[in-house]
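Single-letter residue listing:
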Amino acid sequence: MTPWERFVDAFFNREVIVQYLPAIGKGVVVTIELAVLVVISGIALGFLLVVLRAYRVAPVNAVIVVFVDVFRALPPLVLILLLYFGLPNIDVTLSGFAVVWLTLTLVLGAFAEEIFWAGVLSVEKGQWQAARSTGLGFGQTLFYVILPQAVRMTVPPLTNRTIAITKNTALGTVVGVGEILNQATTAQSFSGNASPLTVAAIAFLLIFVPVVYAGRWIETRFAWRKG
Amino acid sequence: MDGSVSSVPRSLPSDAGRPAEAVLQISDLHMAFGDLEVLKGIDLSVAEQELVFIIGPSGSGKSTLLRCCNRLEEPNKGTIIVDGEEITAPKANLNKLRQRIGMVFQSFNLYPHLTAQANVTLALRKVAGKSRIEAREIALAALDRVGLSDKSDSYPNELSGGQQQRVAIARSLALQPRVMLFDEPTSALDPELVGDVLNVMQDMKEGGMTMLVVSHEMRFAMNAADQVVFMDRGVIVEQGTPDRIFKHPEHQRTRDFLGKVAH
């Protein structure tokens, strides 16, 4: 075999690809399910936390700040392993899927809260004053005046962070979640060939490149010139 | 007021001993930021349909005084009564009382994510409880009053500074306040846009709105104000008709200030 043929055989072996494509297809479904769930629950958690934080109740805010710092600092893999192998010792058994979902939700929630909070702080004080001077209450001002502006301003960093965290669904492979990478590594060890991993890489691109573009679209859609 | 008998009564007959119903009554108001005393006992009353104009050097406490009137700032001591209700009372229903006090800011503070019309309807819907249709009608009427009925669907960033400020006035006006506070409404405007805003204010004055204005537009004060108040270092130095304050000021501090701002 020429070096080129060896390369093609190692990474693009047609026979292996055809054989394991259905399994990787199943993995794609799992990855997408997990990713969608993480994005929804993570951003919802971040939004909930920033609303709580806006009320500036000192003890509540202290808890939020600690939570956010801890989950931003911890590598998600550590949390996944800790929950997956630790919880059964206290008779709580979560599936690998649930553990990865929970971990990434907490991590995305922490980052999203921090990003939203920066947005809330960057809304001019005059906006609060104008709204309150017309008789709007604190909560009304927050929901109708402040958060719509804060969220808009935070779309670009939030999109980037969401993509970065959602990619971590691949960590599910270490706790037996049948997502793309898990299916591919299984196929790789059965076949002794790296082609399933190539397919996995392409599958991840097919999923996340559109997400990157969607993010860019959302950014332009929500961008508005400041007066 | 002048005490002459006019053919049209300017307000309903008032209680004996009170020359005119005070819409805004400020008594012995004190306010400090930490150790810095900003207001040192202010007494001021604004009667129905009166335009009271506050002048004074920066840092004299003018803006703080206005902000105390709807409790955007918390005074340390003293009372403010708006339309018979004490807004400085600890249990005052601020959200309700603030509807009676319109406020116009130096920096407009329009909501940038909402159209001109939505800027006006927000409080009408959420605070005054108007239906969508009612709020829309009131908003269009208010925008028409400030000469911007054709801009109702524009976003603030599509409007000039003068137009933004007029939308901000419409936003306050739509709630039918008993008194309007103006905090340097033309200071952030290009000179050629100042006139539009002052015209709207003049029009409001003629329509019978009670107004308390902090501004440096002395010529406007000369023409439109009933009373001019000169403030310096947290106290009211003197107060009187525009003619008296601008042409015959009694205090040296007033003369110094007017000398500096005269063109």
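Everything numeric here is computed off the predicted structure, so don't read it as measured data. (Residues numbered from 1 in each chain as written. Chains lettered and ligands numbered in written order. Predicted model: local features only at pLDDT ≥ 70, side-chain atom pairs only at ≥ 80, totals over all residues. Heavy atoms only, no water.)

### What about the sheet that holds strand 5 (residues 85–86) of chain B?
Residue and element names in this part refer to chain B.
Here is step 1 of the chain: One open sheet accounts for four strands, arranged 2-1-4-5; its pairing is antiparallel. Two strands in the sheet have a free side with no partner beyond their single neighbour: strand 2 (36–47) and strand 5.
Here is step 2 of the chain: Relative to strand 4 (residues 77–82), strand 1 (residues 22–33) runs antiparallel, the two being bridged by five bridges. Paired with Ser27 across the strands is Thr79, a residue of strand 4.
Here is step 3 of the chain: Contacting strand 1, strand 2 and strand 4, helix 1 (residues 62–69) runs over the sheet at an angle of about 120 degrees to strand 1. (Pairing = 2+ DSSP bridges. Helix = DSSP H or I, 4+ residues; strand = E, 2+ residues; numbered from the N terminus. Contact = heavy atoms within 4.5 Å. Axes fitted to C-alpha atoms, helices over the stretch in contact; angles between N-to-C directions.)

### Brief notes about the nonpolar core
Residues and elements named next belong to chain B.
Here is step 1 of the chain: Ranked by size, the top nonpolar core spans 53 residues in total, and within it Leu24, Ile26, Leu44, Leu65, Ile80, Leu181 and Leu212 carry the most contacts.
Here is step 2 of the chain: In contact with Ile26, not counting residues within four places along its chain, are Ile42, Asp43, Leu44, Leu65, Cys69, Thr79 and Ile80.
Here is step 3 of the chain: Formed by 48 residues, the second largest nonpolar core is a distinct cluster that contains Phe108, Leu124, Leu173 and Phe182. (Core = buried A, V, L, I, M, F, W, Y, C linked by side-chain atoms within 4.5 Å. Buried < 20%, exposed > 50% of the residue type's maximum accessible area, 1.4 Å probe, protein only.)

### Re the interface of chain A and chain B
Accessible area lost when the parts come together is the quantity often used to give the size of an interface.
Here is step 1 of the chain: The interface of chain A with chain B comprises 21 residues on the first partner and 21 residues on the second.
Here is step 2 of the chain: For the pair chain A and chain B, the summed buried area comes to about 2,000 Å², and 56% of that belongs to carbon and sulfur atoms.
Here is step 3 of the chain: A per-residue breakdown of the area chain A buries against chain B is headed by Gln129(A), Ser133(A) and Thr134(A), which together make up 27% of the total.
Here is step 4 of the chain: Put simply, chain A and chain B have zero salt bridges between them.
Here is step 5 of the chain: Applying the counting criterion to the chain A and chain B interface returns six residue pairs in polar contact (both at pLDDT 80 or more).
Here is step 6 of the chain: When residues of the side of chain A that touches chain B are assigned to their parent elements, the largest contribution, seven residues, is made by helix 6 (residues 125–133) of chain A.
Here is step 7 of the chain: Split into classes, the residues belonging to the side of chain A that touches chain B amount to seven nonpolar, 10 polar and four charged. (Buried area = accessible area lost by both parts, 1.4 Å probe. Salt bridge = Lys/Arg side-chain N within 4 Å of Asp/Glu carboxyl O. Polar contact = N/O pair within 3.5 Å; in protein donor to acceptor, adjacent residues only side chain to side chain. Nonpolar A, V, L, I, M, F, W, Y, C, P; charged D, E, K, R; others polar.)

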